[in-house]
Each structure stands twice: as structure tokens, then as C-alpha cells.
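# Descriptive analysis of the structure
Residue-level listing of the chains:
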Amino acid sequence: MYSFKKHVDRTTRVSVVMLASTLPVGMAFGAAADNGTDPTKLRRQAAISYEHLELGDDMTRGTLKLILETPISRGTSIRLTAPFQQFNVGPNAHDMALGDVSVRLTQLFSLNRKGGIVGQLEVIGDTATREDLGSGTTVMKGGLIFANFLEGGRIFAPAIAHSESIGGGKRVRESVLDLYYVPKLKNPAWYATFDPAVVRNWEARKTYGSLAVTAGRAIGKAGDGLVQAYVKPTVYVGGGRPSNWGIEVGIRAIGF
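To keep things clear, this report deals only with the structure shown in the data block. Within each chain, residue numbers correspond to sequence positions counted from 1 in written order. Selection of residues for local features in this predicted model requires a pLDDT of at least 70, selection of side-chain atom pairs for listing and counting requires 80 or more, and totals for whole chains, interfaces and linings are taken over all residues. Working from all heavy atoms in the structure, the side-chain values ignore hydrogens and water.

### Points about the side chain of D100
Helical segments are the DSSP runs of H or I of at least four residues, strand segments are the runs of E of at least two, and each set is numbered from the N terminus. Tracing the backbone shows D100 in the loop between β4 (97-98) and β5 (102-111). Under this definition, polar contacts are N or O atom pairs within 3.5 Å; protein pairs additionally need one hydrogen-donor-capable and one acceptor-capable atom, and for neighbouring residues in sequence, both atoms have to be side-chain atoms. Among the polar contacts listed, one links the side chain of D100 to the backbone nitrogen of T127, at a separation of 3.3 Å. A polar atom in the side chain of D100 sits 2.9 Å from the backbone nitrogen of S135. Excluding anything up to four places from it in sequence, D100 contacts P83, I124, G125, D126, T127, A128, L133, G134 and S135. Residue contacts are defined here by distance: any two heavy atoms, one from each residue, within 4.5 Å place the two residues in contact.

Next up, the structure:
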């Protein structure tokens, strides 16, 4: 006997599958609200943060960072970062000025229910207004992120990256292995990330490690997206470490 209800249910399922297959890369999967932790999601973002670093020998550095990011195609986004820095010692102590501005392209190469592969290419310009605020050269940085979507909504996304100077002046060669992990929290307003990394400075022939832990919370809406506040402490280990510890606090609007 013909069942109209079964026909409607079957038609609905087929329609949903067909709709998902026509969505742009990054939309068919991970339909949950974007909290900024999934590296395969390309998003519009505006952020402001301040980082305090303890460099050792009673020297500290403060960085005010402005970030603007936006998708420019279905699988590509561009990000602009402008840092303003100051040190607590030296002839320019507590005099904040522009550091090295960077532009980063992010490309989503593949995405499915199990994970995705993301490529990034960043140019860090020699734009610092003082010698102590930048690397003294233009640096090119490339990397790959291998995101894995685990059971329960968790994410494990190891990444590799390499930086190389392409301008005159100081020589820069540095490689990074990053083991990014995102747990699934019970309260969706909160998020957390754990980010251990190993860095090899090939020019200085030194290796060091770091661990950054981020805790954030949605504090409002920004159009169709969220406004979040976060705190990110970082500790450094190893004889070649550039600093002992740091802490960053910030506010960002995503998905607006």
C-alpha cells in the first residue's frame, strides 16, 4: 500500500543530501556555530589583543595587535596583522611603535567528515619603524595544517611551518611543529585550545618548546557571528627559548 509519509521522508532525505553536495567547501560539514577554533573554517574576523612577554633579565615586551581577516573566495581567505610594540628598557623604553606588518593567505585544499587540509602562506614585511621592533628583513612563511575531526566534536590539527628570509639584512630560518588540540566543552559559550609546539631556529642552531593554552567565552553577538573575549598564557622551555613566559588577552568578532 502506498504511504505518502514514507514518500515525503524519502524525498526529504534525498533533497538534504543533494543540497549538501552543492554547498561551498567548508559549509557542508561542521554546520555548528563557528567559535573560531576549527582551522578548516574560513571566517571574517576582526580582533584586538595585547600580549605581555617576559624575556628574561628583567626585560619585557608588550605587543598591541590588530587583526582583520576575510574570505575572498569559497576556499581562500586573507588576513592582515599590524603589531605595535614596546620594551620596558632601553633608549625607547615604553615607546610603542609599529612592528613588522604581515599578510597571510589561507587555502582550504580538502574537507570531509573526518578532517581537512589547510595551507597557509604569509609574508612578514620589514615595516618596523625601529630596529628593535622587527626582524630586520622580509620573511616568507609557509605551512600545512592537517585537521582531524574526532568523536564528540573534538579537533586535533597538527601543523608544520617553515619561515625563510627573502630580503637583505638579518638571516631568518625557522621550522615549527605544532600539535593543536581543541576539546569539546559542555557549555557552548566557552571554548579552549591546547597548543604545544617545538621550534627549531636553524640560524642560531637552537631548539625550544612552548605550550599555549587559550580559554575564551562568547560575550555578545556581531551580526550573524559572535563577539568573544579570551586569555592565552604561554610558557617556553629549552635553552634556545626567546622568552620565559607570556600572557595575551583579547577581544574578537568572528563570522559577522
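There's plenty left to go through after this.
### Details of the pairing of strand β1 (residues 45-56)
Paired strands, as defined in this entry, are two strands with at least two bridges between them according to DSSP. Pairing analysis gives 10 bridges linking β1 to strand β13 (residues 245-254), with the strands arranged antiparallel. Within β13, the position partnered with Y50 by the bridge is V249. Taken together, the 11 bridges between β1 and strand β2 (residues 59-71) define a ladder with antiparallel strand orientation. Looking at β2, one finds that H52 is bridged to G62. Between β1 and β2, which pair antiparallel in sequence order, lie 2 residues; one of them, D57, sits at a positive phi of approximately 55°.

### With respect to the packing of aromatic side chains
We describe a pair of aromatic rings using the distance from one ring centre to the other and the angle between the two ring planes. We call Phe, Tyr and Trp rings a pair once their centres come within 6.5 Å, taking the six-membered ring for Trp, and we label the pair stacked below 30 degrees between planes, edge-to-face above 60, and tilted otherwise. The final tally for this structure, using the stated rule, is 1 aromatic pair. Measuring from centroid to centroid gives 6.4 Å for Y208 and Y236, while their planes differ by 50°, and the two rings are tilted. Note that Y208 is positioned in strand β11 (residues 206-222) and Y236 in strand β12 (residues 225-237), a separation of 28 residues in sequence. We note that Y208, like Y236, is buried. Remark: a charge is flagged as sitting over a ring if the NZ atom of Lys or the CZ atom of Arg is within 6 Å of the ring centre and within 35 degrees of the ring normal. The ring of F256 has R44 sitting right over it, with the charged end atom 6.0 Å from the ring centre. R200 extends its terminal NZ or CZ atom over the ring of W202, reaching a point 5.1 Å from the ring centre. Classification of residues uses two cut-offs on accessible area relative to the type maximum, computed with a 1.4 Å probe and protein chains only: under 20% is buried, over 50% is exposed, and between them is partly exposed.

### Considerations on a nonpolar patch on the surface
Only residues above 30% relative accessible area that lack a salt bridge enter a patch, with like-charged residues linked at up to 9 Å and the nonpolar side chains Val, Leu, Ile, Met, Phe, Trp and Tyr linked at up to 5 Å. To be clear on the numbers: accessible area is Shrake-Rupley with a 1.4 Å probe, and residue cover counts the displayed protein chains and nothing else. Salt bridges are counted wherever a side-chain nitrogen of Lys or Arg sits within 4 Å of a carboxyl oxygen of Asp or Glu. Together, F109, I117, L144, F146, L150, F156, I160, L177, L179 and V198 make up an exposed nonpolar region whose accessible area comes to about 800 Å². In this structure, I117 sits in strand β6 (residues 115-124). Relative accessible area serves as the criterion here: at 32%, I117 is assigned to the partly exposed category.

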